[in-house]
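Coordinate analysis (summary)
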Amino acid sequence: MDPERRTFLQQLGVAALATSTVSAPEPAIGSMLSDALEQLLQNHYLRMTPEELEKTLARIEREVKKEYGANIHCGNVPPLPETSFGMALNLSRCIGARDCVQACVKENNCGRNDSLENIRVLSLPRGSWELTDSNHYYAPSHVPEGDRWYLPVQCQQCDDPPCVQNCPVNATWKEPDGIVVIDYDWCIGCRACAVSCPYWARHFNWQKPAIPSQEMTTETHYLGNRPRPMGVMEKCTFCIQRSRKGQMPACLEACRTGARIFGNLLNPESEIRRVLSTRPIYRFKEDKGTKPRFFYFVDAS
């Protein structure tokens, strides 16, 4: 945190505590004030000590319990050694069913009260790449349509991400395993990252996400699917809470046609490396120079 900002916030916190000593608050209220002050003074994720991080994770779990009535575990699994994640999508197999979208919403604790979805599936006229002709709001119950084809788009986990370069407070960065992440507690919601992303992959929480407690995915990650507050950005993280434990992203598991492939780009024996070395590969808006780790391919005719 900027030293001047931290000093100001610390003084603000001391002043707030001083004004509250006229009458001692109830224990529960005192705990809420403590959590609020702790969040106000929280350091940047990358600069937190292990002790500070454990304290922060415990606070997040308390806040989710209070806000949603759900008991979650907020973890912090680090990047796996010698691992660099990538995803490939077979456009010949995608039928536009949007199972990936719904699975992502559920797994990543997206709000059910708005249209915030980290995967967007575009329906285009067959043979056309004109995105201006695409339909984002088609009825998935009527797919596949004979005269249309489908292009799923999400965060491309760029090797040269403009969103990272344009964040004024360093709330987003690229991890060693290739995943671009966001520190939701550090994000100020200015949306500079969304403006700079050519893939429409960043989304702003306009309201507090509504998540029924019984639908909450309780195994979460600090940089991933923990419930986000109103006023911050979010995006796909390759299901960091799953992929760093050797599991597949929810979108891949949900795809009924097996259109998605995910794996370690550094492993020459991985399926994704086999596809990249044997098929013609396309990268969306490659001319932007972002070097995406999300690849598209088609079946050989």
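Refer to the structure presented above.
Okay, so let's go over this structure. Keep in mind it's a predicted model, so treat the numbers as computed, not measured.

What counts as what
- Residues numbered from 1 in each chain as written.
- Predicted model: local features only at pLDDT ≥ 70, side-chain atom pairs only at ≥ 80, totals over all residues.
- Heavy atoms only, no water.
- Helix = DSSP H or I, 4+ residues; strand = E, 2+ residues; numbered from the N terminus.
- Buried < 20%, exposed > 50% of the residue type's maximum accessible area, 1.4 Å probe, protein only.
- Contact = heavy atoms within 4.5 Å.
- Areas by Shrake-Rupley, 256 points an atom, 1.4 Å probe, with all protein chains shown as cover.
- Salt bridge = Lys/Arg side-chain N within 4 Å of Asp/Glu carboxyl O.
- Core = buried A, V, L, I, M, F, W, Y, C linked by side-chain atoms within 4.5 Å.
- Expected span 1.5 Å × (residues − 1).
- Pairing = 2+ DSSP bridges.
- Axes fitted to C-alpha atoms, helices over the stretch in contact; angles between N-to-C directions.
- Disulfide = S-S within 2.5 Å.
- Phe/Tyr/Trp six-rings, centres within 6.5 Å; stacked < 30°, edge-to-face > 60°.
- Lys NZ or Arg CZ within 6 Å of the ring centre and 35° of its normal.

**As for the overall build of the chain**
For the chain, the count of helices and strands is 9 helices and 11 strands. Each of the 301 residues in the chain was classed as buried or not, and the buried ones make up 48%. Taking the intrachain contacts of the chain between residues at least 6 apart in sequence as the baseline, contacts between residues at least 24 apart amount to 67%. Summed over all atoms, the accessible surface of the chain reaches about 14800 Å², with 54% contributed by carbon and sulfur.

**Remarks on the pattern of salt bridges**
For side chains of opposite charge, pairing can occur when their charged atoms come near one another. One pass over the full model with this rule turns up 19 salt bridges. The shortest N-O distance in the salt bridge between Glu117 and Arg98 comes to 2.7 Å. Placement of Glu117 in the loop between α4 (99–107) and β3 (120–125) and of Arg98 in the loop between β2 (85–90) and α4 is noted, with a sequence separation of 19 residues between them. A network of salt bridges, in which partner residues are shared, links Arg59, Glu63, Asp185 and Arg226.

**A look at the nonpolar core**
Counting 50 residues, the largest nonpolar core has Leu151, Tyr222, Phe238 and Tyr296 as its most contacted members. Elements that contribute at least two residues to this core include exactly α3 (50–68), β2, α4, β3, β4 (148–153), α8 (250–254) and β11 (294–297). Considering every element that reaches this core, the biggest residue donor is α3, with 5 residues. If sequence neighbours within four positions are ignored, Leu151 has contacts with Leu91, Arg120, Val121, Leu122, Leu124, Trp129, Leu131, Phe284 and Tyr296.

**Topic: α3**
Three or four residues apart is the spacing at which side chains of an α-helix point the same way, because the helix has 3.6 residues per turn. End to end, α3 covers 27 Å across 19 residues, agreeing with the expected 27 Å (1.5 Å per residue, within 8%). Within two residues after α3, Gly69 carries a phi angle of roughly 70 degrees, on the positive side.

**Details of the sheet that holds β2**
Spatially, 3 strands are ordered β10-β2-β11 in an open sheet, and the strand pairing comes out mixed. Two strands in the sheet have a free side with no partner beyond their single neighbour: β10 (260–264) and β11. Sheet twist, expressed as the average angle between the axes of neighbouring strands with direction ignored, equals 20 degrees. For β2 and β11, the ladder comprises 4 bridges, and the chain directions are parallel. Bridged to Ala88 within β11 is Phe295. Along the sheet, helix α9 (residues 271–278) contacts β2, β10 and β11; its crossing angle with β10, the most-contacted strand, is approximately 110 degrees.

**Digging into the state of the cysteines**
A full pass over the atoms with the stated rule returns 0 disulfides. The cysteine Cys110 is free of any disulfide, with Cys104 supplying the nearest cysteine sulfur at 5.2 Å. Since its relative accessible area comes to 1%, Cys110 is described here as buried.

**Some remarks on unusual backbone geometry**
Glycine aside, a negative phi is what most residues show, and trans is what most peptide bonds show. Here the bond from Val143 into Pro144 is cis, since omega is -5 degrees, no more than 30 degrees from zero. Along the chain, the position of Pro144 falls in the loop between β3 and β4. At Asn109, a residue that is not glycine, the phi angle is positive and equals roughly 55 degrees. Residue position: Asn109 is located in the loop between α4 and β3. The backbone of Lys285 sits at a positive phi, close to 50 degrees, despite the residue not being glycine. As for its position among the elements, Lys285 is in the loop between α9 and β11. The exposure class of Lys285 is partly exposed, given its relative accessible area of 22%.

**With respect to the packing of aromatic side chains**
Tallied over the entire structure, the rule returns 11 aromatic pairs. Between Tyr45 and Trp173, the aromatic rings sit 5.9 Å apart at their centres with planes inclined by 20 degrees, giving stacked as the arrangement. You can see Tyr45 sitting in the loop between α2 (27–40) and α3 and its partner Trp173 sitting in strand β5 (residues 172–174), a full 128 residues away along the chain. In this structure Trp173 comes out as buried when scored by relative accessible area, which is 8%. Summarising the aromatic geometry, the rings of Phe85 and Phe262 are spaced 5.0 Å apart at their centres and angled 20 degrees between planes, so their arrangement reads as stacked. Of the two residues, Phe85 sits in strand β2 while Phe262 sits in strand β10, which places them 177 residues apart along the sequence. The pair formed by Phe85 and Phe262 is uniform in burial state, with each residue classed as buried. Through pairs of rings, three or more aromatic residues link up here, namely Tyr199, Trp200, Phe284, Phe294 and Tyr296. Geometry around Tyr184 places Arg228 over its ring, the cationic atom sitting 5.8 Å from the centre.

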